[in-house]
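The chain contents come next:
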Amino acid sequence: MALEFDQSLIGRVFEVTDPVSVTPEKIARFCAAIGETNPLYTDAEAAKKGPYGGLVAPPSFAVMFRNGRNFFEHVPRFGRRGFDAGKDAEFVAPIRPGDSITLTSHVKEVYEKTGRTGSMVFVVIRSTLKNQRDEVVAHIDHRFMNRQ
Amino acid sequence: MKNFSDIQIGNTIGPREQFVSKDECRAFAHSSGFAAPRFTDDEGARKEGLPGMILPGNMSLGLLSKFVTDWIGPEGGAQLVRISTTYRVPVQPDHTLVFQGFVTHSVPEERTAEIDVWIENEEAERLVTGTATVRFDK
């Protein structure tokens, strides 16, 4: 049976966050939390001689930007409570100290899968990150799974 | 510096071990604003039906990404352009995690390689799996 939900949700932007500034301290805290020691991300002087001409955040720093307070109200629910099943992150351009990042989010797709434990519905929310120059720096697809 | 011509399907990365402490897990949760009890204290996690504290999914993604960028090395010459992760089993701190990967696919026209990557626990159970795409400058 086809999934029943409001198809007009697909592709409709439901959220644009306020810009969040990127500071060297935020990058340093992220690096410390994952044990990052690569000088491209941790040593401003050494990074000047590197491929980016200065300090940049590790690529996965892009997943640290939070969606808005009402984000989950816009995630379609199916069956029991959903949970975070995974993420797909595309890193388009480096994030640098001094950048100001905005997230724009929409429902990308909804699909059903049947596994050993029964039927599951996946909801994918895409958040696109842009910097203060309106350049896309990353796309983050949040994959939420609901058991039917 | 790694070049695309050095990459062959079947090349392995790792294994590399990393002990992740509860304090590191808490630090990540607080720095990311995801300081839910399941990420910060055992008692709070058990109230949610978990065996104890778990790592935020974003932390697993960050650790797997770091595993790949460490393989690329600080000289650059390649970039991690995409990573896809699936959270199969909750990852608990205060354990040694094992990171592994192998090259499954390459596209010469784009100078990209796809690498299956995963995190195992001490019992060789795959907790988080993923696919990383690396693009080479040369």
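Heads up: the structure comes first, above all this text.
Criteria and cut-off values
Residues numbered from 1 in each chain as written. Chains lettered and ligands numbered in written order. Predicted model: local features only at pLDDT ≥ 70, side-chain atom pairs only at ≥ 80, totals over all residues. Axes fitted to C-alpha atoms, helices over the stretch in contact; angles between N-to-C directions. Helix = DSSP H or I, 4+ residues; strand = E, 2+ residues; numbered from the N terminus. Parallel < 35°, antiparallel > 145°, perpendicular 65-115°, else oblique. Left-handed = near helix turned anticlockwise from the far one by under 90°. Contact = placed C-beta atoms within 7 Å. Nonpolar A, V, L, I, M, F, W, Y, C, P; charged D, E, K, R; others polar. Pairing = 2+ DSSP bridges. Buried ≥ 20, exposed ≤ 12 C-beta atoms within 10 Å, placed from the backbone.

Caption draft 1: Spatial organisation of the packing of helix α1 (residues 24–34) of chain A against helix α1 (residues 22–32) of chain B. Across the interface, α1 of chain A lies against α1 of chain B with an axial gap of 8 Å and an inter-helix angle of 150 degrees. Classified by the interaxial angle, the pair formed by α1 of chain A and α1 of chain B is roughly antiparallel. Crossing geometry of α1 of chain A relative to α1 of chain B is assigned as left-handed. Contacts between α1 of chain A and α1 of chain B involve Arg29, Phe30, Ala32, Ala33 and Ile34 of chain A on the former and, on the latter, Glu24, Ala27, Phe28 and Ser31 of chain B.

Caption draft 2: Up close: the interface of chain A and chain B. Facing the 26 residues of chain A at the interface are 27 residues of chain B. Secondary-structure elements contributing two or more residues to the side of chain A that touches chain B are α1, α2 (39–42) and β3 (83–91) of chain A. The biggest single contributor to the side of chain A that touches chain B is β3 of chain A, with eight residues. When grouped by side-chain class, the residues that make up the side of chain A that touches chain B number 14 nonpolar, five polar and seven charged. Relative to strand β2 (residues 78–87) of chain B, β3 of chain A runs antiparallel, the two being bridged by five bridges. Among the inter-strand pairings, Ala89 of chain A is bridged to a residue of β2 of chain B, identified as Ile83 of chain B.

Caption draft 3: Highlighting unusual backbone geometry. Here the amide bond leading from Gly14 of chain B into Pro15 of chain B is cis, since omega sits at 5 degrees, within 30 degrees of zero. As for its placement among the helices and strands, Pro15 of chain B is situated in strand β1 (residues 12–20). Not every positive phi belongs to a glycine, and Asp134 of chain A is a case in point at roughly 65 degrees. As for its position among the elements, Asp134 of chain A is in the loop between β5 (118–130) and β6 (136–147). At Ala124 of chain B, a position not held by glycine, the phi torsion is positive, near 65 degrees. Along the chain, Ala124 of chain B falls in the loop between β4 (112–120) and β5 (126–136). Given 8 C-beta atoms within 10 Å, Ala124 of chain B falls into the exposed group.

Caption draft 4: Region of interest: the pairing of β3 of chain A. Summarising the sheet, β3 of chain A and β6 of chain A pair through eight bridges and their orientation is antiparallel. Residue pairing in the sheet places Asp88 of chain A in a bridge with Asp141 of chain A of β6 of chain A.

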